[in-house]
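As a plain string of letters, each chain reads:
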Amino acid sequence: MQVQQVKERSKAFVNLFRQHKGMNMELKTFKGGLHPPDNKRWSEKKAIEVCPVAEGDELVIHLSQHIGAPAEACVQKGDKVLKGQVIGTPKGFVSVPIHASTSGEVIAVEPRLDTAGNKTMAVVIKADGKDEWDPNLSGADPDKLMPQELKDRILAAGIVGMGGATFPTHVKLSPPEGKKIDYLILNGVECEPYLTADDRLMQEKPEEVVEGILILKRILGVEKAVIGIEANKPTAIETMQKACEGKGIEVCPLQLKYPQGAEKQLIYAVTGREVPSGGLPMDCGCVVQNVGTAAAVNAAVRRGIPLIERIATVSGSAVAEPKNLLIKIGQPISKLVEFCGGVKGELGKIIQGGPMMGMAAVSMDVPVTRGTSGILLFSEGEVIRAPEGPCVRCGNCVRACPAFIMPTEIAFQMRRGKVDEAEKLNVMDCIECGSCTYICPAQIPLLQFFRQAKSAIRANIAKRKKV
Ligand code: SF4
Ligand code: SF4
């Protein structure tokens, strides 16, 4: 689909939504960004289905599925485990426990391949087919708990950001003393093409999301909570509006634009506030949580259920029947694909997450994690890139960049090995959304340069700290 067609589709959604709601106002959005084809039609109408685990299936559960220190295994080969039982304990404040996602026997505690092709520590469970819960898990009435007790339950359940960032939620809910938070923003944007998991969650389980938001509000002590949802999800908007009535939660319909789901861009779209360069959402009084995280918080507090499963979209041109699935952490990608009718045609690429910010998976054997919002399979013909050409100074990358940096200049400096110059050009503000690379007519792999620059700058900072 051409860019113009995509913009028209976006406008059509917005107009439809306005007519439907009788609104004349402009829908909110952020500055910069672009309109890739959303390709959600393949799975947006598919209700969530459970991807089953059978007796004898092997689940590979990595001990590092979150930002921060990996958990440490607390089970051994030969141990029998129950669903929801802790199999890895957190190491440090920025870390979370890991749980068994089904009952069975631990058949290995050893390094296993992750999505990127690295071998990292994992607990491998052979399912017994009983899916038997740990009887020690129990819920509580959130209204009877203090904010710290609620956070303790969230930590114990291993809750992390479900939009893909996997930042431990208890840390995000613990702003340093002196930081005043007055806004809780819920991310129901799902701006990545193809993905429809959050859309289905909001349509099918709105009360789970709302109850989770009420718990988050209580922890943060905020009055204002707003759910940002793009206008291409009219049913989710309507469903959430009904579920939020009388609960002190507002639903904010947004224009369609990528990367509106990025924290800084969502904060600007919803509140008009700007996160300062190098700063965090809490620097402008905001905390952002994904709608899936809110639902997970509710399950953790009210029912004592740890983060052992999640909703993910399986889609793309090489999937026989795209679906939205409730998956168990540790299932291999191949199992999900098999449940969706298998591969269609010749497989060219597998991506965990969305096509813009997701990660290419090395094989179908790697397991899904707490951050897996989608599995996309693309056919061979779709993944061929034209050869890189010279920069034609079109300025597309600059216009698209939501971080207001100069992609073309930074890439120029990085080609000359000038990391210091890239730093002066604020490369650290790059949110790695890939918009510049997507829009570049010369096919220059701009994002690659920025990732190199950022890791070199971080290494320099670490070196300076050691001296
Ligand atoms: S420079 Fe970074 S933030 Fe800007 S468009 Fe490119 S990837 Fe996105
Ligand atoms: S989009 Fe590509 S060709 Fe255009 S200015 Fe940026 S780097 Fe150059």
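The structure presented is a predicted model; accordingly, all values stated were derived computationally and were not measured. (Residues numbered from 1 in each chain as written. Chains lettered and ligands numbered in written order. Predicted model: local features only at pLDDT ≥ 70, side-chain atom pairs only at ≥ 80, totals over all residues. Heavy atoms only, no water.)

So, the site of ligand 2
- Near ligand 2 you find C391, V392, R393, C394, G395, N396, C397, T408, C440, P441 and I444, and these make up its full shell.
- Across the shell around ligand 2, the residue classes tally to seven nonpolar, three polar and one charged. (Near = heavy atom within 4 Å. Nonpolar A, V, L, I, M, F, W, Y, C, P; charged D, E, K, R; others polar.)

Focus on the pattern of salt bridges
- As enumerated under the stated definition, the model contains 21 salt bridges in all.
- Residue E72 is joined to K91 by a salt bridge in which the shortest nitrogen-to-oxygen separation is 3.7 Å. With E72 in strand β3 (residues 72-73) and K91 in the loop between β5 (86-89) and β6 (98-99), this residue pair connects regions lying 19 residues apart in the sequence.
- Measuring nitrogen to oxygen at the nearest pair gives 3.0 Å for the salt bridge that ties R451 to E432. Highlighted residues: R451 in helix α14 (residues 446-466) and E432 in the loop between α12 (419-424) and α13 (435-439), separated in sequence by 19 residues.
- Of the residues examined, R451 reaches a relative accessible area of 40% and is grouped as partly exposed. (Salt bridge = Lys/Arg side-chain N within 4 Å of Asp/Glu carboxyl O. Helix = DSSP H or I, 4+ residues; strand = E, 2+ residues; numbered from the N terminus. Buried < 20%, exposed > 50% of the residue type's maximum accessible area, 1.4 Å probe, protein only.)

Re the pairing of strand β10 (residues 224-230)
- Across the seven residues that make up β10, a large majority, six, are buried.
- Where strand β9 (residues 183-187) lies against β10, five bridges are found, and the strand directions are parallel. Looking across to β10, one finds that L186 is bridged to I227.
- Relative to strand β11 (residues 249-254), β10 runs parallel, the two being bridged by six bridges. Opposite G228, over in β11, you have C252 as the bridge partner. (Pairing = 2+ DSSP bridges.)

A closer look at the packing of helix α5 (residues 206-220) against helix α6 (residues 234-244)
- Running from N to C, α5 and α6 cross one another at 50°; their axes reach a closest spacing of 9 Å. As the angle between them shows, α5 and α6 are arranged oblique. Crossing angle aside, the handedness with which α5 passes α6 is right-handed. Residues P206, V209 and V210 of α5 form the contact with α6, whose participating residues are T239, M240, A243 and C244.
- Class assignment of the residues belonging to the contact of α5 with α6 gives a composition of six nonpolar, one polar and no charged. (Axes fitted to C-alpha atoms, helices over the stretch in contact; angles between N-to-C directions. Parallel < 35°, antiparallel > 145°, perpendicular 65-115°, else oblique. Left-handed = near helix turned anticlockwise from the far one by under 90°. Contact = heavy atoms within 4.5 Å.)

Re the sheet that holds strand β1 (residues 49-50)
- With mixed pairing, six strands are arranged side by side in an open sheet as β1-β14-β13-β17-β15-β16. The open sheet has two free edges, formed respectively by β1 and β16 (359-360), since each of these has just one partner strand.
- As paired elements, strand β15 (residues 347-352) and β16 share two bridges and run antiparallel to each other. Bridge pairing links Q352 to M359 in β16.
- Strands β13 (309-315) and β14 (323-328) of the sheet are contacted by helix α4 (residues 197-204), whose axis makes an angle of about 125° with β13.

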